[in-house]
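Structural characterization, general
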Amino acid sequence: MATFDFNSINSALTDPSKLETGVDFSGKSLKLDSEKDAQPIIDAINACPDLQYLTLTGNTLGVAAAQAIAKALERHPELKIARFSDMFTGRMKTEIPPALVSQLGFA
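Residues numbered from 1 in each chain as written. Predicted model: local features only at pLDDT ≥ 70, side-chain atom pairs only at ≥ 80, totals over all residues. Heavy atoms only, no water.

Moving on, we get to the overall build of the protein chain. Regarding its fold elements, the protein chain presents four helices and five strands. Traced from its N-terminal end to its C-terminal end, the protein chain shows the element sequence α-β-β-α-β-β-α-β-α. Relative to its 107 residues, the protein chain shows a buried fraction of 31%. Of the contacts made within the protein chain by residues no fewer than 6 positions apart, 83% connect residues no fewer than 24 positions apart. With an accessible surface of roughly 6900 Å², the protein chain has 58% of that area assigned to carbon and sulfur atoms. (Helix = DSSP H or I, 4+ residues; strand = E, 2+ residues; numbered from the N terminus. Buried < 20%, exposed > 50% of the residue type's maximum accessible area, 1.4 Å probe, protein only. Contact = heavy atoms within 4.5 Å. Areas by Shrake-Rupley, 256 points an atom, 1.4 Å probe, with all protein chains shown as cover.)

As structure tokens, this is what we get:
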């Protein structure tokens, strides 16, 4: 039977080299319509050398902003987690599919 070592688990969880890095704009209630509107997010993505996650929860994205963010994400194949819940509040049904196609690559 294997032994359970709390110290090794604690070390693994608190190891700074294992911390995920990313960009979090959650809950800012941003209305991003254009590339210019999305520029703060694009700048943060570009400034993150190891983008493991991107959180845009609680903001609303239009097609042009989503396309601009998607272009910035092309330089980050290491992206593992995209938290995009509640991202299209107040958008027309016709805006959502093109924004998803550009953002997530769905066809």
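This paragraph deals with the nonpolar core. Ranked by size, the top nonpolar core spans 22 residues in total, and within it V23, I41, I45, L54, L56, L61 and I69 carry the most contacts. Tallying contributions element by element places helix α3 (residues 63–73) first for this core, with six residues. (Core = buried A, V, L, I, M, F, W, Y, C linked by side-chain atoms within 4.5 Å.)

Here we have three strands laid out as an open sheet, ordered β1-β3-β5, and parallel in their pairing. The open sheet has two edge strands with one neighbour each: β1 (22–24) and β5 (81–83). Recorded for the sheet is a direction-independent mean angle of 5° between the axes of neighbouring strands. Sheet analysis places strand β3 (residues 53–55) next to β5, joined by three bridges and oriented parallel. Bridged to L54 within β5 is A82. (Pairing = 2+ DSSP bridges. Axes fitted to C-alpha atoms, helices over the stretch in contact; angles between N-to-C directions.)

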